[in-house]
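Residues per chain, in single letters:
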Amino acid sequence: MKEARREARGQRGPRPEGLACLLSVVVPVYNEEAVLATFHRRLSAVLQGLECRTEVVYVDDGSSDYSSVVLQDLREQDPNIAILELSRNFGKEVAMTAGLDHARGDAVVIIDADLQDPPELIPRLLDEWRAGYDVVYAQRTSRAGESAAKKATAALFYRLMRRISHVAIPVDTGDFRLLSRRAVDALAGLRERHRFMKGLFAWIGYEQKAIPYQREARQEGESKWSYLALWDFALEGITSFSTVPLKLATYLGTLTALGAFLYGLFIIVQTLVVGNPVAGYPSLLVAVLFLGGIQLMALGVIGEYLGRMFEETKGRPLYLIREYQPPSRIDPRRPVED
Ligand code: UDP
Ligand code: MG
């Protein structure tokens, strides 16, 4: 059905074939010295089987281990590798954006370096792109090697986001996906500092398609996400894409005020009917503390949004580049812009 609709709207659009087509693979790297070589071996095995020409943009997100040395080694052996070194650690979301800004492909794949996203899926992503889709995302059917608690919190988060934000963020989807040129260009226009990429990917719209796959456990090293970091991430997602928490404060306030009013009525009636034995101190204290608590909470919620506005208004660049090394085999048809 959807297929037919897309056809009718004429959105299939020509996709460059063979050597005219360039696929970029963007890989954010932060302290991944242990897996990088294995990762690149697996990735290039897949890329070699493709019809398109390819480039791999490794974004060194301020790694403090030997990742940059490993990357230099790889680049000496493989002319398709570009290395974008950021001036410090900016976090994965910004690293991905930096990579997208420097990717020149007609289609761009974003993939983690830790081999949790299987590179073998790339040909299938590319097929869907050829079929006319703009965003082809890999959707996990399993999360091997992750604790039950992590799975449960992740599931809860995606469902909550779907309910309270106006963009439909697909469930169980990471950043592993393929973007068409126009999707990349659209994303490049969204320069907010607080980047909740999963939300931004969904915000741009266009034709999107899910490809189910089994997520593997991390091969080496460990996840950089502590529970605190995940909490921050969830907060980021919610505050970037929903104002429901602000409304919640209003409703909660209204509800408490209403409760207080009814309780007041009850006290008046009670005094009239049974008189007023000197009581009321405990209920007074409870009411005061309760209201104080609610007010502080509402202030906190407002503060979250205010803090983000403060960050945005400074208008700083998203990232700074220490060095950009383009692929050494430069294609004359696609000049590298710096
Ligand atoms: N990463 C990054 N900057 C950071 C943290 C992570 O570029 O500050 C990269 C990391 O090297 C990996 C990807 O982002 O390629 C995913 O990181 P991780 O495996 O820690 O996250 P998870 O898979 O647990 O979501
Ligand atoms: Mg990982």
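Throughout what follows, the structure given in this document is the object of discussion. Owing to the predicted nature of the structure, the values given are computational and were not obtained by experimental measurement.

Each value, and the rule that gives it
Residues numbered from 1 in each chain as written. Chains lettered and ligands numbered in written order. Predicted model: local features only at pLDDT ≥ 70, side-chain atom pairs only at ≥ 80, totals over all residues. Heavy atoms only, no water. Helix = DSSP H or I, 4+ residues; strand = E, 2+ residues; numbered from the N terminus. Buried < 20%, exposed > 50% of the residue type's maximum accessible area, 1.4 Å probe, protein only. Contact = heavy atoms within 4.5 Å. Areas by Shrake-Rupley, 256 points an atom, 1.4 Å probe, with all protein chains shown as cover. Phe/Tyr/Trp six-rings, centres within 6.5 Å; stacked < 30°, edge-to-face > 60°. Lys NZ or Arg CZ within 6 Å of the ring centre and 35° of its normal. Disulfide = S-S within 2.5 Å. Core = buried A, V, L, I, M, F, W, Y, C linked by side-chain atoms within 4.5 Å. Pairing = 2+ DSSP bridges. Right-handed = clockwise from strand over helix to strand, strands pointing away.

### As for the overall build of the protein
And step 1. Counting its secondary structure elements, the protein contains 11 helices and eight strands.
And step 2. Looking at the protein as a whole, 45% of its 338 residues qualify as buried.
And step 3. Sequence-distant contacts in the protein: of pairs separated by 6 or more residues, those separated by 24 or more amount to 85%.
And step 4. Here the protein has roughly 17900 Å² of accessible surface; of this, 62% comes from carbon and sulfur atoms.

### Overview of the packing of aromatic side chains
And step 1. A full pass over the atoms with the stated rule returns four aromatic pairs.
And step 2. Geometrically, the ring pair formed by F176 and Y213 is edge-to-face, given 5.8 Å between the ring centres and 80° between the ring planes. Of the two residues, F176 sits in strand β6 (residues 173–180) while Y213 sits in strand β7 (residues 208–215), which places them 37 residues apart along the sequence.
And step 3. For F176, a relative accessible area of 2% puts it in the buried group.
And step 4. Seen in terms of ring centroids, Y263 and F266 are 6.3 Å apart; in terms of plane orientation they differ by 20°. Their pairing is stacked. Of the two residues, Y263 and F266 both sit in helix α10 (residues 244–274), three residues apart, roughly one turn of that helix.
And step 5. Just above the ring of Y206 sits the side chain of R182; from NZ or CZ to the centre is 4.1 Å.

### Looking at the state of the cysteines
What makes a disulfide is a covalent bond joining the sulfur atoms belonging to two cysteines.
And step 1. Applying the stated criterion across every chain, the model contains one disulfide.
And step 2. At a sulfur-sulfur separation of 1.9 Å, the disulfide partner of C21 is C52. Measuring handedness by torsion sign, the sulfur bridge of C21 and C52 sits at about 80° and is right-handed. Taken together, the residues span a long stretch of sequence, with C21 in the loop between α1 (2–8) and β1 (22–29) and C52 in the loop between α2 (33–48) and β2 (53–60) at a distance of 31 residues.
And step 3. For C21, a relative accessible area of 0% gives the class buried.

### A look at the nonpolar core
And step 1. With 42 residues, the main nonpolar core has V59, L86, L100, L179 and L187 as its most contacted residues.
And step 2. Per-element accounting of this core gives the leading share, five residues, to helix α4 (residues 92–102).
And step 3. Excluding residues within four positions of it along the chain, L86 makes contact with V59, D60, D61, G62, A95, A98, Y319, L320, I321 and R322.
And step 4. Within the second largest apolar cluster, 36 residues are counted, among which are L43, V109, A113 and I122.

### Topic: the pairing of strand β3 (residues 81–86)
And step 1. Here β3 lies mainly inside the structure; six of its six residues are buried.
And step 2. Burial along β3 is two-sided: I81, I83 and E85 facing one way and A82, L84 and L86 facing the other are all buried.
And step 3. Both β2 and β3 contribute to a ladder of five bridges, which runs parallel. When the sheet's bridge partners are listed, V56 is paired in β3 with I81.
And step 4. Following the backbone out of β2, through helix α3 (residues 67–77) and into the adjacent parallel β3, one traces a crossover that is right-handed.
And step 5. Bridge count for β3 against strand β8 (residues 321–325) is four bridges, and the pairing is antiparallel. Across the sheet, residue L84 finds its bridge partner in β8, namely Y324.

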